[in-house]
Amino acid sequence: MALDKPYLDVPGTIIFDADQSRKGYWLNQFCMSLMKPANRERFKADERAYLDEWAMTEEQKQAVLARDLNWCMRTGGNIYFLAKIGATDAKSFQQMAGSMTGMSEDEYRAMMLGGGRSIEGNRYLGEDGDAQPHRQPQGARPGPRNKA
Amino acid sequence: MARITASVYTSHVPAIGAAMDLHKTAEPYWQPLFKGYEFSRQWMREHKPDVVFLVYNDHATAFSLDMIPTFAIGTAAQYQPADEGWGPRPVPPVLGHPELASHIAQSVIQQDFDLTIVNRMDVDHGLTVPLSLLCGEQDPQEGAWPCPVIPLAVNVVQYPVPSGQRCFNLGQAIRKAVESYDEDLNVHIWGTGGMSHQLQGARAGLINAEWDNRFLDRLIAEPEELAKVPHIEYVREAGSEGIELVMWLIARGAMPDVADGRRIGPAPRVAHRFFHVPASNTAVGHLILESP
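Conventions and cut-offs
Residues numbered from 1 in each chain as written. Chains lettered and ligands numbered in written order. Predicted model: local features only at pLDDT ≥ 70, side-chain atom pairs only at ≥ 80, totals over all residues. Buried ≥ 20, exposed ≤ 12 C-beta atoms within 10 Å, placed from the backbone. Helix = DSSP H or I, 4+ residues; strand = E, 2+ residues; numbered from the N terminus. Pairing = 2+ DSSP bridges. Contact = placed C-beta atoms within 7 Å. Nonpolar A, V, L, I, M, F, W, Y, C, P; charged D, E, K, R; others polar. pLDDT = per-residue confidence, 0-100. Arc of directions from axis to C-beta.

A. Focus on the pairing of strand E7 (residues 149-154) of chain B. All names here are of chain B. Across the six residues that make up E7, a large majority, six, are buried. By the alternation rule, side chains of E7 split into Val 149, Pro 151 and Ala 153 and Ile 150, Leu 152 and Val 154, which are all buried. Relative to E7, strand E3 (residues 71-74) is paired through three bridges, and the arrangement is antiparallel. Its bridge partner lying in E7, Phe 71 is registered against Val 154.

The following block contains the structure:
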């Protein structure tokens, strides 16, 4: 019998459950390794070579190289683990979170200062809030913005 | 005997720690937030506990995916601030209280809560930011936190996290454990994390101030009802990371007006209540409740 996953209809959200965790094990463990300064240096010196030391899928490696956090999450990454990549890149949590929305840093920061993203229209898939798939990407300038 | 005289609730946003460490607290962005904790720092000085039992979550710091304990109690003598990738926070080490922690572990496990016992771990912003908020800046070498701390790390990273009801019941078991300790100790219990926030996906940046404030109201007045709220409501209404708020129910369950899942006495006194948006990606909530 399938597990109960009542959270699959929340728009713009991937819940890090046991299935995601299993898929993302090596991706997340790679991220953990970046908590050591020496590993951060080795990764920065040659990202590809460092990634090749881990039993990650090629897609996971591509997602990391592209610094596409949404892609990383789809392949099993969790934001608290992925944050170690951001830390290595000297990014703040706000920069990382914002990078997943399609908004520019300024747009995202302004949204937070204005009280954050509204819940209205963003509770269930199929509503019309700004986090819904049919309104992606967000932000004034269209197109992917998930570069390093 | 030892007794729990107060519970403290606060968000533990890492950027708050960074703002203190980088001396940015007077900047216009941060000033309103820190103003909300001025009372609390004075209150801490006037109501200095002998021990703080601090409920928080580890953010992929001490616990990787190798081990994911649902409830982990620290019984060590000392905990070092962790390097989360930006370098360790420049704050003093956290001294533990191994005797009381071990006593609580034994008592709580005998009450059917199977805690994981941890004798060695580093502590991340989830634990050190609340200490900084309530105790102010401390020099990493010359300074010290005002009292020993017993960490209780709760898994809120990998779903499913413990239910609100389970957390509320655990709080009651912790109070029984504390009250069965012979030494006369003044113990505070802190619940940290939250409030509404989402750090991932197209819905990142979600804030639900109305829901948060109703959570605060209910935490004070009807925690036994609040405990019944299912995970999915936290996720949907308060964001995927807003689920950290279940940890507040552990601290609330340890207040003396609650026993056997029911309210048996007057609600605790609200010494302080504060709410502010934003700190980085997050709504900040803060309460101080004093036992009657």
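Moving on from the coordinates now.
B. Layout of unusual backbone geometry. Geometrically, the link from Gln 136 of chain A to Pro 137 of chain A is a cis peptide bond, its omega value of -10° lying close to zero. You can see Pro 137 of chain A is positioned in the segment after helix H9 (105-113). Here the amide bond leading from Gly 194 of chain B into Met 195 of chain B is cis, since omega sits at 0°, within 30 degrees of zero. Structurally, the position occupied by Met 195 of chain B is in the loop between strand E8 (186-192) and helix H7 (209-221). Backbone geometry places Arg 67 of chain A, a non-glycine residue, at a positive phi of 50°. Looking at the element boundaries, Arg 67 of chain A is found in the loop between helix H5 (58-65) and helix H6 (69-74). C-beta crowding within 10 Å serves as the criterion here: with 18 such atoms nearby, Arg 67 of chain A is assigned to the partly exposed category.

C. Geometry of the interface of chain A and chain B. The interface of chain A with chain B comprises 47 residues on the first partner and 34 residues on the second. When contributions to the side of chain A that touches chain B are tallied by element, the ones reaching two or more residues are helix H2 (25-33), H6, helix H7 (79-88), helix H8 (93-99) and H9 of chain A. By residue number, the principal contributor to the side of chain A that touches chain B is H7 of chain A, which donates seven residues. For the side of chain A that touches chain B, the class distribution of residues is 26 nonpolar, 17 polar and four charged.

D. Here's a closer look at the confidence of the model for chain B. With 100% of its residues at a pLDDT of 70 or more, chain B has an overall mean of 97. Confidence metrics for the complex model read pTM 0.96 and ipTM 0.93.

E. Quick look at H9 of chain A. Those residues of H9 of chain A lying buried are Tyr 108, Met 111 and Met 112 of chain A. Buried residues in H9 of chain A, looked at end-on, bunch into an arc of 100°, giving them a common side. Exposed positions of H9 of chain A whose direction lies more than 90 degrees from the buried face are Asp 106, Ala 110 and Leu 113 of chain A. Looking at the buried positions of H9 of chain A, the neighbouring elements they touch are H8 of chain A together with strand E11 (269-279) of chain B.

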